[in-house]
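Chain by chain, the residues run as shown.
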Amino acid sequence: MPWTRWLLLLLCWGATSGQYQQRQPEVDDLSPAVVRADSRRQRSPPPVEPLDFGFVPAAVYDTHAYYEPGAIGILFHMVHAFLYVIQPNSFPQDLIVKVIQQNMGGIKLEEWRKPENVVLLLQGVYYEAGFLVCASIGIIFMVIVPVLGMCFCVCRCCENCGGEMHQRQRKNADCQRGFFTASLVATTIFIILGVLIAYAANHNISSHIKSTRRFINTNMRDLRTFANNTPAQIEYLTAQYTTAKNKVLSELDNIGPLLGGRIHSQLEKEVVPSLDTALRMAGAMRETKEALESVSSSLQILQEGTEKLKDSLSGERASLSNTLSDPACTNGAVSPSCNAIRSTLFQLGINADFSKLPDVNFALANVHTLLKTDLSNIVQKGYSSFNDTPTLVKEQTKNIVSGVKGMLDKIGFEINGFAKMFPVEASLANFTIFLNNEQKRIESYYPQLDQMDFYRWIGCVAVLCMVVLIMAFNVLGLMCGTCGYDKQATPTTRGCLSNTGGNLLLAGVSFSFIFAWMLMAIVTTLFVAGGNLEKLMCEPLANRQLFKIIDTPFLVHPTKKNFLPGMLFQNPNIDLTLGSMYRECFENNGLYHALQLETMFNINSFLNRTVYNKDLAKVFEGVQVDLQDITLLEQAGRDNLINFANSGIGLIDYEAYLAEVNKGVTLVDLLTFSTDLEAQADQLPRGALENALKGHASSIRQIHREHVVPIDQAMSTLTQSIKLLQRTSSDLPVKVTNILSAIDASEYLITNNASHVVKQETKGYVQSLVGYFKQYTDWVQNSLTAEVAQCKPISNIVDSMEIVGCSFVLDSVNTFWFGLGGCSILLIPSIIFSIKLAKYYRRMDTEDVFEE
């Protein structure tokens, strides 16, 4: 029908091609960069984030194609086991395929004489050997039983075959009667059991006819659900293009931070370190100025302090010399101590002479002049100029972004237009109407089906009633014979009840001969038909071997490879099999994937023309970002660095400073000198001399506190500043030259090699945009494979047919002939035992008489 093809064409619109996915480059993962504390570096763009397309509206199907037979399943298993004993051979797949292929033009009688057909015939006979043997036995039974019955009747009419109304007296007569009675009872019980089995199977068919209606209703309802949900699912797929489109639009609106950030991240590896060194040099200039000021002030303090210290020590030395000139020092006991003190007076003098050190005023003046130019601000301008790369990219790609947005809108229109090309609603409405009409047509057969099932049920019951009638004669005969039997009565004097029992048993024998062959005819017919259907249809359908036959290449025609695509699409070369389609539908995958519709409709060209638009890449190939306006270091900053290298701090005699500082302020440690002086004074006799010397020791300590301690502090500060200046001035011109060279190299990189970086990062940016569309198409592919137009109803129809045909009907039919066949076979021993036992119950005309 035409609408079915429209439906199949519609389902294929959103598929992505496997070939294009293989050709598409993978989107590069971008690792996020660490944000600098000074915020000069930009964050690297994150990887392509996964998009959330939500869930396709799912269809809920009502059919549960599963059947559990319950207690009667035990009987089914018994029948299956019996059939396996009869037919243990595996499914003859190759044989069936050869038979079909060699007889595709029709079976002609003369062709059976061909050797290959004779071989096939022999293989078929071998496979059917078990059924043929059992069928032969059944046919023999059907022929022999009536003949035997006729012979038996004629024989008894001639008073043979037990027809003579005379019973010979035997010593073991009671034993034989008991054996025949027990045997007939057991046989009757087994026959009744067979009747019950056959009746249960007959009733099982009728009871499950109503379940068949349930399967039909649920399957039809599932097909309508399939038809009604598919348009909504397809509409959902088309609508989700907006998700990818909006994400791409968001990326385009942020092209500055994203693409510009990528370019910035690549260039900053060379640019930022050079600016960092320049910024550190600006800090070094400020530290140099502070160090020079410290040196200048410390030098002034030291020069003034050493002059004052020199005067104080000279006065103290003169005063101490006068004290030692006291007549008391001429005393013989005191004289050695005084002489010893007098010999150390020369130590009261200064050691370091800071007046000879040159000042640093020239270098300090130069540095003061340099700092009038704010090098840090100039470097920060370089940072700011470089960090404006995202803004430059955004401004210079404004026209390109607007063009790409227009292309995205056009792609959306094309997708919606493609979906609207097909009469979806009309096609599915026709499909729904078709389903409703078919369901009504099927339901119109329900009364006829019920009537046919009723007739079938009546017929089966009538057949069972034949066996029940025979069993009724057997049971009544056993009851009457057993109850009316009198051991004291002779064969000619047996009672009426006993005689009636014997007659009933013979009546059962008569009906057995009449019905047994009919029953066997029914059993043989059902056995051959049902057994072969079970072995050749139901079992291979259950294990899906039947699909392998249908899917055999070139089965129906030498030039047509596959049957199913040839029937559906008139293209037998498509690699589509019934087994694969059933398997996909059984797993509730999409119809598009199950029928391999991608081989029928060229979606690649549509996707390449729309979602994977090559014009998108071409537009971005023309991106030109001009970064020549970026200035990392102005000329004033360059001059400032050069002047700093020539500021004169490298001409300072740092060794002279350090040598003078390392000398120490005084020739001797004044505290030690004063301590030794007090110790010598303690050795003198108490008096004015002792007190005078201790006074001088105290004065020397005071000089140390007032003059030496501040000088030491100034010397420590001077030492630190001199060492700092020495480190800063070490190879200063070389350092400045390296900084300027690095900045020149960075500016050259920006000016001349930025185009390569721009092209490389633009390619990565475009790949990230394409990555969002790839996510969309991958999602569409996965949705079409597993979620859109889920074809579970198709596999449910196959499974439902298997359940109805095999489990409901065929298993019950096979169980019916199994039970009825047992009854038919057991009628033979029933006849024998009934005839033998009737002799003991019937009233005889003559009997053996023994005279004493």
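Everything numeric in this text was worked out from a predicted model, so none of it was measured. Numbers given to residues run from 1 along each chain, matching the order in which its sequence is written. pLDDT decides what is reported in this predicted model: residues at 70 or higher carry local features, side-chain atom pairs at 80 or more are listed and counted, and totals for whole chains, interfaces and linings draw on all residues regardless. Working from all heavy atoms in the structure, the side-chain values ignore hydrogens and water.

With that out of the way, let us pick up the overall build of the protein. Assigned secondary structure in the protein consists of 30 helices and two strands. Expressed as a percentage of the 852 residues in the protein, the buried residues total 47%. Any two residues whose heavy atoms approach within 4.5 Å are treated as being in contact. Within the protein, residue pairs in contact and separated by at least 24 positions form 90% of the contacts whose partners lie at least 6 positions apart. Accessibility throughout is a Shrake-Rupley quantity obtained with a 1.4 Å probe, and a residue counts as covered only by protein chains that appear here. When the accessible surface of the protein is split by element, carbon and sulfur atoms take 59% of a total near 42700 Å². A run of H or I in DSSP counts as a helix once it spans at least four residues, and a run of E counts as a strand once it spans at least two, with each numbered from the N terminus. We call a residue buried when its accessible area falls under 20% of the maximum for its residue type, exposed when it is over 50%, and partly exposed in between, using a 1.4 Å probe and counting protein chains only.

Put simply, a disulfide is two cysteine sulfurs that come within 2.5 Å. In this structure the tally under the stated criterion is two disulfides. A sulfur-sulfur distance of 2.0 Å marks the disulfide that ties C538 to C806. Residues C538 and C806 are joined through a disulfide that is left-handed, its torsion about the S-S bond being -90°. Separated by 268 residues along the polypeptide, C538 in helix α17 (residues 496-542) and C806 in helix α30 (residues 792-841) bring together distant segments of the chain. Since its relative accessible area comes to 7%, C538 is described here as buried. Here C585 is linked by a disulfide to C791, with a sulfur-sulfur distance of 2.2 Å. One disulfide, between C585 and C791, carries an S-S torsion of -105° and so falls in the left-handed class. Within this pair, whereas C585 is found in helix α20 (residues 578-586), its partner C791 is found in the loop between α29 (754-786) and α30, the two being separated by 206 residues in sequence.

Below, the discussion takes up the side chain of T181. Here T181 shows up in helix α7 (residues 173-239). For T181, a relative accessible area of 15% corresponds to the buried category. Residues adjacent in sequence count toward polar contacts only when both atoms are side-chain atoms; beyond that, a polar contact is any pair of N or O atoms within 3.5 Å, and within protein one must be able to donate a hydrogen and the other to accept it. Of the polar contacts made by the side chain of T181, one reaches the backbone oxygen of R177; its length is 2.7 Å. Excluding anything up to four places from it in sequence, T181 contacts L478, L837 and Y841.

Turning our eyes to something else, we now look at the packing of aromatic side chains. Only the six-membered ring of Trp is used, alongside the rings of Phe and Tyr, when aromatic pairs are assigned; centres must lie within 6.5 Å, and planes under 30 degrees apart are stacked while those over 60 apart are edge-to-face, with the rest tilted. Per the stated rule, a full pass over the model turns up 20 aromatic pairs. When the centroid spacing of 6.1 Å and the interplanar angle of 15° are considered together, the rings of Y241 and F773 count as stacked. Separated by 532 residues along the polypeptide, Y241 in helix α8 (residues 241-253) and F773 in helix α29 bring together distant segments of the chain. Accessibility assignment for this pair places Y241 and F773 in one class, buried. Aromatic rings pair up to connect F53, Y236, Y241, F773, Y776 and W779 into one cluster.

Below, the discussion takes up the nonpolar core. Only buried residues count toward a nonpolar core. Its members are Ala, Val, Leu, Ile, Met, Phe, Trp, Tyr and Cys residues joined through side-chain atoms within 4.5 Å. If you look at the biggest cluster of nonpolar residues, it comprises 66 residues, and the most contacted ones within it are L252, L408, M581 and W779. Excluding its chain neighbours within four sequence positions, the residues that come into contact with M581 are L564, L576, A594, L595 and I794.

The backbone of R544 shows a phi angle near 65°, a positive value even though the residue is not glycine. Summarising the element assignment, R544 is placed in the loop between α17 and α18 (545-550). For R544, a relative accessible area of 24% translates into the label partly exposed. The phi dihedral of A789 falls on the positive side, at around 55°, and the residue is not glycine. Positionally, A789 belongs in the loop between α29 and α30.

This part is about the pattern of salt bridges. For side chains bearing opposite charge, pairing can occur when the charged atoms are close. Put simply, a salt bridge is a Lys or Arg side-chain nitrogen that is within 4 Å of an Asp or Glu carboxyl oxygen. Under the defined criterion, the tally for this structure stands at eight salt bridges. Among the salt bridges present, the one from D453 reaches R456, with a minimum N-O distance of 2.9 Å. Note that D453 and R456 are positioned in helix α16 (residues 446-484) at a spacing of three residues, about one turn of the helix. Three or more residues joined by partner-sharing salt bridges are found here, namely R544, D799 and E802.

Another aspect to go through is α8. One less than the residue count of a helix, multiplied by 1.5 Å, gives the span that helix is expected to have. In this model α8 runs 18 Å from its N-terminal to its C-terminal C-alpha over 13 residues, within 8% of the 18 Å that 1.5 Å per residue would give. Listed in full, the buried residues belonging to α8 are Y241, A244, K245, K247, V248, L249, E251 and L252.

Here the focus is the packing of α17 against α30. For helices, the fitted axis covers only the stretch in contact; all axes are lines through C-alpha atoms, and the angles between them, taken along N-to-C directions, range from 0 to 180 degrees. For the pair α17 and α30, interaxial distance at closest approach is 6 Å and the crossing angle is 155°. Relative to α30, α17 is oriented roughly antiparallel. Where α17 crosses over α30, the handedness of that crossing is left-handed. Of the residues belonging to the contact of α17 with α30, the class tally is 29 nonpolar, 10 polar and three charged. An angle counts as roughly parallel when it lies under 35 degrees, as roughly antiparallel when it exceeds 145, as roughly perpendicular when it falls between 65 and 115, and as oblique in every other case. Helix crossings are classified by the rotation of the near helix relative to the far one: an anticlockwise turn of less than a right angle makes the crossing left-handed, while a clockwise turn makes it right-handed. Charged means Asp, Glu, Lys or Arg here, nonpolar means Ala, Val, Leu, Ile, Met, Phe, Trp, Tyr, Cys or Pro, and polar covers whatever is left, Gly included.

A few words on the environment of L684. Structurally, L684 can be placed in the loop between α26 (670-683) and α27 (688-729). A sequence separation of 347 residues divides L684 from S337, and the C-alpha atoms of the two residues are 7.7 Å apart.

Another point: a nonpolar patch on the surface. Taken together, the side chains of F190, I192, L193, L196, V475, L476 and M479 define a hydrophobic patch exposed on the protein surface, amounting to about 640 Å² of accessible area. In terms of residue count, the dominant contributor to the nonpolar patch is α7 (four residues). Tracing the backbone shows L476 in helix α16. Candidate patch residues must exceed 30% relative accessible area and have no salt bridge, after which like charges are joined if within 9 Å and Val, Leu, Ile, Met, Phe, Trp or Tyr side chains if within 5 Å.

Further remarks concern the confidence of the model for the protein. Confidence of the predictor at the level of single residues is captured by pLDDT, which takes values from 0 to 100. Of all residues in the protein, 79% have pLDDT values of 70 or greater, and the mean over the chain is 77. Helix α3 (residues 73-86) holds the highest mean pLDDT among the elements of the protein, 93, whereas helix α2 (residues 18-23) holds the lowest, 34.

Next up on the list: the side chain of E534. With respect to the helices, strands and loops of the structure, E534 is situated in helix α17. When charges are counted, Lys and Arg are positive and Asp and Glu negative, with His and the chain ends excluded. Despite its burial, E534 pairs with no opposite charge, the nearest such side chain being K535 at 7.1 Å. Leaving out residues up to four positions away in the same chain, E534 has contacts with H80, L83, E539, P540, L810, D811 and N814.

Taken N-terminus to C-terminus, the directions of α16 and α30 make an angle of 25°; their axes are 11 Å apart at the nearest point. Classed by the angle they form, the pair α16 and α30 counts as roughly parallel. Crossing of α16 against α30: the hand is left-handed. Every residue of α30 that contacts α16 at C460, V463, L464, V467, I470, M471, N474, G477, L478, G481 and T482 is listed here: F816, L820, C823, L827, S830, S834, L837 and Y841. Across the contact of α16 with α30, the residue classes tally to 13 nonpolar, six polar and no charged.

What follows deals with the environment of F473. Inspection of the secondary structure assignment puts F473 in helix α16. Residue classification places F473 among the buried residues on the basis of a relative accessible area of 17%. It is 9.8 Å that separates the C-alpha atoms of F473 and G502, two residues lying 29 residues apart in sequence. For F473, the residues in contact, after removing those within four places along its chain, are L504, L505, A507, G508 and F511.

It is worth spelling out helix α13 (residues 389-396) at this point. The set of residues buried in α13 consists of T389, P390 and V393. Projected down its long axis, α13 shows its buried positions confined to an angular sector of 100°, all on one face. In this description, the arc belongs to the directions extending from the helix axis to the C-beta atoms.

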